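Next come the chains, spelled out residue by residue.
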Amino acid sequence: MSDQIKFIVDSLNKEPFRKNYNLITFDSLEPMQLLQVLSDVLAEIDPKQLVDIREEMPEQTAKRMLNLLGILKYKPSGNATDMSTFRQGLVIGSKPVIYPVLHWLLQRPNELKKRAYLARFLIKLEVPTEFLQDETVADTNKQYEELMETFKTLHKEYEQLKTSGFSTAEIRKDISAMEEEKDQLIKRVEHLKKRVETAQNHQWMLKIARQLRVEKEREEYLAQQKQEQKNQLFHAVQRLQRVQNQLKGMRQTAADAKPESLMKRLEEEIKFNLYMVTEKFPKEIENKKKELHFLQKVVSEPAMGHSDLLELESKINEINTEVNQLIEKKVMRNEPIEGKLSLYRQQASIISRKKEAKAEELQEAKEKLASLEREASVKRNQTREFDGTEVLKGDEFKRYVNKLRSKSTVFKKKHQIIAELKAEFGLLQRTEELLKQRHENIQQQLETMEEKKGVSGYSYTQEELERVSALKSEVDEMKGRTLDDMSEMVKKLNSLVSEKKSALVSVIKELRQLRQKCQELTQECDEKKSQYDSCAAGLESNRSKLEQEVRRLREECLQEESRYHYTNCMIKNLEVQLRRATDEMKAYISSDQEEKRKAIREQYTKNIAEQENLGKKLREKQKAVRESHGPNMKQAKMWRDLEQLMECKKQCFLKQQSQTSIGQVIQEGGEDRLIL
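Given the structure is predicted, the values throughout are model-derived calculations rather than measurements.

Let's talk about the overall build of the protein chain
Consideration 1: The secondary structure content of the protein chain amounts to 18 helices and 2 strands.
Consideration 2: The proportion of buried residues among the 676 residues of the protein chain is 13%.

Encoded structure:
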């Protein structure tokens with residue numbers, strides 16, 4: 001913890017913070033001051049975080065800091081409960097929470113600045129699916145994703161250019177050299193063009209040459225396609241043969257073998273595959289990754305000069321001398337515990353090497369078996385093509401039987417050897433486990449002894465130095481190889497550049513002619529386009545006028561049609577009314593009484609007389625009701641009063657009966673009974 005605080009104080013006292021703290025003043029800071037320091041450090045990484053926390057709510061401060069720490073991929077130690085305590089500690093400004101955050105931030109400021117910068121453009125905004133149903137929102141989201149991908153590619157190119165080691169002076173020299181070459185090529189092209197123009201039918205010859213080049217390119221493309229199809233056919237045939245062999249082998253094993261042997265074979269294959277997947281392949285992948293990382297680092301570094309090589313050699317010599325001194329000290333001490341430990345280490349390394357060697361032998365044997373099976377299938381197919389049969393007869397069959405017997409004896413011996421190896425492997429596994437346990441115990445004892453003696457971490461540093469020296473030697477070898485490869489690559493590139501330059505001469509000639517032709521065609525195209533635009537504008541104006549006139553005539557036509565239909569309907573209505581009027585006049589004028597009764601006037605007069613009679617009767621009835629209304633109301637009131645009087649009498653009678661029965665004594669059957 002003290003080393004952590006010391007590192008934080010030293011970093012805060014440097015640029016760009018310049019806080020001028022010491023251990024005591026930094027440790028005595030209040031929680032608000034400590035949160036302000038954390039906010040200032042985050043503001044140096046992301047300028048948006050430059051906030052005075054006194055003007056901000058604590059929840060907002062904690063949320064802002066947690067969001068940025070999540071973007072920077074800070075992982076506090078612990079589980080979910082520790083995460084809740086981490087959030088609470090960040091809100092209240094707890095020192096055990098903020099000190100590790102500051103230490104982590106100040107260790108890698110440049111990396112975190114880059115991560116915060118990229119987060120501004122690469123954190124994807126999640127749009128709900130119901131909003132994506134809208135076409136404009138979906139198109140905008142798609143455009144946003146495409147811009148994000150372009151930003152990723154541009155940023156990668158920028159980083160590669162930064163680490164490529166090219167200087168501006170070299171690039172300028174290359175550009176000037178290329179411009180000189182360009183001028184020379186232009187002069188050559190012009191000279192050749194003048195020579196060609198003097199010949200007859202040079203345009204036709206150029207056209208024929210262009211067609212020839214196109215056909216050659218097409219021929220190369222078709223040849224490449226043919227070769228690819230041949231390769232695909234070859235791979236397909238090989239795959240088919242391999243699958244047929246596997247099917248045949250599986251059928252044979254299924255027909256001959258027993259379930260116990262199959263299970264045993266499967267268990268062995270599973271164990272072997274587990275070992276390859278869990279131990280061998282991860283180690284190989286890790287070694288390849290380290291080698292790739294180292295090669296990338298070597299490629300990204302600028303070219304080394306003689307002085308750089310001398311400096312590296314001096315550093316290597318110093319490290320070797322230090323390693324030798326440490327080895328001598330170790331030999332001088334000659335501790336017995338270290339001797340036992342080295343013995344166990346040697347045994348464990350021998351066992352692991354044996355295990356790896358056996359696994360490699362088994363893998364090689366499997367590969368050899370697969371190749372032999374492929375060869376056997378090829379030979380078998382050839383014999384089928386020649387003879388059509390595979391029957392063995394006479395001496396061949398005897399030889400085949402003898403060979404099988406010898407193979408069976410060899411198989412039994414090998415099987416016995418494998419069983420012994422398995423037994424030995426089991427013992428070695430057990431001894432390895434015991435040795436690991438002893439190694440852990442001895443390591444703990446060694447650590448306690450080192451702590452007692454005051455030299456804690458000595459054995460670890462010694463192992464690290466040995467490992468570093470081994471890695472250093474490997475790195476030196478790899479650097480030598482990479483330098484040779486780079487020199488060969490430079491030679492190849494120079495030769496390729498010269499070949500491309502020579503090949504570009506004819507292309508540049510054709511390009512000149514095509515450019516001139518393109519300029520002529522563009523001029524002609526511009527003239528035709530201007531003519532087309534003027535003609536199109538005149539036609540467009542005429543078309544608009546005609547459309548307006550047609551629209552006006554259509555509206556007039558519709559109005560006239562509607563007026564025609566309206567007048568037609570009115571004429572029909574008037575005809576109907578005229579017909580009814582003539583019928584009415586005929587009926588009214590005629591002397592026949594039946595026809596007069598059918599007339600509308602007679603019907604209306606009859607209805608009027610009936611309604612007048614009905615009105616007279618209703619008025620008389622109304623008069624009678626008004627005259628009898630007062631006496632009828634008095635009579636109804638008298639009946640209601642009578643009803644109330646009878647109800648009152650009824651209540652009085654019931655009350656009198658109930659009072660007379662209370663407290664009365666009745667004698668029945670020689671018994672007295674009191675009624676309450």
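Once you've had a look at it, read on.
Topic: the packing of helix 3 (residues 31-45) against helix 6 (residues 95-107)
Consideration 1: Here helix 3 crosses helix 6 at 25°, and the two axes come no closer than 11 Å. Accordingly, the angle class assigned to the pair helix 3 and helix 6 is roughly parallel. For the pair helix 3 and helix 6, the sense of crossing is left-handed. The residues of helix 6 that touch helix 3, namely those facing Leu 34, Leu 35, Val 37, Leu 38, Val 41, Leu 42 and Ile 45, are Lys 95, Ile 98, Tyr 99, Val 101, Leu 102, Leu 105 and Leu 106.
Consideration 2: Along the lines of polarity and charge, the residues of the contact of helix 3 with helix 6 split into 13 nonpolar, no polar and 1 charged.

Description of helix 6
Consideration 1: For helix 6, built from 13 residues, the straight-helix expectation of 18 Å at 1.5 Å per residue is met to within 8% by its first-to-last C-alpha distance of 18 Å.
Consideration 2: Considered for burial, the residues of helix 6 that qualify are Val 97, Ile 98, Tyr 99, Val 101, Leu 102, His 103, Trp 104, Leu 105 and Leu 106.

Concerning the packing of aromatic side chains
Consideration 1: Going through the model one piece at a time under the given rule, you end up with 2 aromatic pairs.
Consideration 2: Each ring, one from Tyr 74 and one from Trp 104, has its centre 5.1 Å from the other, and the planes form 55°; the classification is tilted. Of the two residues, Tyr 74 is situated in the loop between helix 4 (58-71) and helix 5 (80-92) and Trp 104 in helix 6; the sequence distance between them amounts to 30 residues. Neither Tyr 74 nor Trp 104 differs from the other in exposure class; each is buried.

A word on the side chain of Ser 39
Consideration 1: Residue placement: Ser 39 occurs in helix 3.
Consideration 2: Look past the residues within four positions of Ser 39 in its chain and what remains in contact with it is Gln 49, Val 51, Ile 53, Arg 64 and Met 65.

With respect to the pattern of salt bridges
Consideration 1: Enumeration according to the criterion identifies 12 salt bridges in this entry.
Consideration 2: Its salt-bridge partner being Glu 111, residue Arg 115 comes within 2.9 Å of it at the nearest N-O pair. Taken together, the residues Arg 115 and Glu 111, both in helix 7 (residues 109-122) and 4 residues apart, mark about one turn of the helix.
Consideration 3: Look at Glu 111 and you get partly exposed, because its relative accessible area is 41%.
Consideration 4: The partner of Arg 543 in a salt bridge is Glu 547, with the nearest N and O atoms 2.5 Å apart. Of this pair, Arg 543 and Glu 547 both sit in helix 16 (residues 458-589), 4 residues apart, which is roughly one turn of the helix.
Consideration 5: What makes Arg 543 partly exposed here is its relative accessible area of 39%.

Observations regarding the nonpolar core
Consideration 1: Among the nonpolar cores identified, the biggest contains 32 residues, and Leu 12, Phe 26, Leu 38, Leu 72, Leu 102 and Leu 105 are the most heavily contacted of them.
Consideration 2: For this core, the elements supplying multiple residues, two or more each, are helix 1 (2-13), helix 3, helix 4, helix 5, helix 6 and helix 7.
Consideration 3: With 8 residues, helix 6 is the largest single contributor of residues to this core.
Consideration 4: The residues touching Leu 102, leaving out its near neighbours within four places in the chain, are Ile 8, Phe 26, Val 37, Leu 38 and Val 41.

Quick look at helix 1
Consideration 1: With 12 residues, helix 1 extends 16 Å between its outermost C-alpha atoms, agreeing within 8% with the 16 Å of an ideal straight helix rising 1.5 Å per residue.
Consideration 2: Taken together, the buried positions of helix 1 are occupied by Gln 4, Ile 5, Ile 8, Val 9, Ser 11 and Leu 12. The buried side chains of helix 1 occupy one side of the element, clustering within an arc of 165° when seen end-on. Every exposed residue of helix 1 that faces more than 90 degrees away from the buried side is listed here: Ser 2 and Asp 3.

Some remarks on the confidence of the model for the protein chain
Consideration 1: Across the protein chain, the average pLDDT comes to 79, with 86% of residues at or above 70.
Consideration 2: Averaged over each element, pLDDT in the protein chain is lowest for strand 1 (residues 664-668) (52) and highest for helix 18 (residues 600-661) (86).

As for a negative patch on the surface
Consideration 1: A cluster of acidic residues, Glu 215, Glu 217, Glu 219 and Glu 220, forms a negative patch at the surface.
Consideration 2: By the secondary structure assignment, Glu 217 is in helix 11 (residues 202-256).
Consideration 3: On the basis of relative accessibility, which here comes to 48%, the residue Glu 217 falls in the partly exposed class.

Some points on the state of the cysteines
Consideration 1: One pass over the structure, following the stated rule, counts 0 disulfides.
Consideration 2: With no disulfide partner, Cys 525 has as its closest neighbouring cysteine sulfur the one in Cys 518, 9.8 Å distant.
Consideration 3: Exposure remark for Cys 525: the relative accessible area of 46% places this residue in the partly exposed category.

What about the packing of helix 6 against helix 7?
Each pair of packed helices can be summarised by the angle the axes make with each other and by the distance between the axes.
Consideration 1: At a closest axis distance of 5 Å, the pairing of helix 6 and helix 7 adopts a crossing angle of 90°. The angle between the axes of helix 6 and helix 7 places the two elements in the roughly perpendicular class. Contact residues: Trp 104, Leu 105, Leu 106 and Gln 107 in helix 6; Pro 109, Leu 112 and Arg 115 in helix 7.
Consideration 2: Its residues assigned to classes, the contact of helix 6 with helix 7 comprises 5 nonpolar, 1 polar and 1 charged.

Reading the values: the criteria
Residues numbered from 1 in each chain as written. Predicted model: local features only at pLDDT ≥ 70, side-chain atom pairs only at ≥ 80, totals over all residues. Heavy atoms only, no water. Helix = DSSP H or I, 4+ residues; strand = E, 2+ residues; numbered from the N terminus. Buried < 20%, exposed > 50% of the residue type's maximum accessible area, 1.4 Å probe, protein only. Axes fitted to C-alpha atoms, helices over the stretch in contact; angles between N-to-C directions. Parallel < 35°, antiparallel > 145°, perpendicular 65-115°, else oblique. Left-handed = near helix turned anticlockwise from the far one by under 90°. Contact = heavy atoms within 4.5 Å. Nonpolar A, V, L, I, M, F, W, Y, C, P; charged D, E, K, R; others polar. Expected span 1.5 Å × (residues − 1). Phe/Tyr/Trp six-rings, centres within 6.5 Å; stacked < 30°, edge-to-face > 60°. Salt bridge = Lys/Arg side-chain N within 4 Å of Asp/Glu carboxyl O. Core = buried A, V, L, I, M, F, W, Y, C linked by side-chain atoms within 4.5 Å. Arc of directions from axis to C-beta. pLDDT = per-residue confidence, 0-100. Patch = residues over 30% accessible without salt bridge, like charges linked within 9 Å, V, L, I, M, F, W, Y side chains within 5 Å. Areas by Shrake-Rupley, 256 points an atom, 1.4 Å probe, with all protein chains shown as cover. Lys, Arg positive; Asp, Glu negative; His and termini not counted. Charge placed at Lys NZ, Arg CZ, Asp CG, Glu CD. Disulfide = S-S within 2.5 Å.

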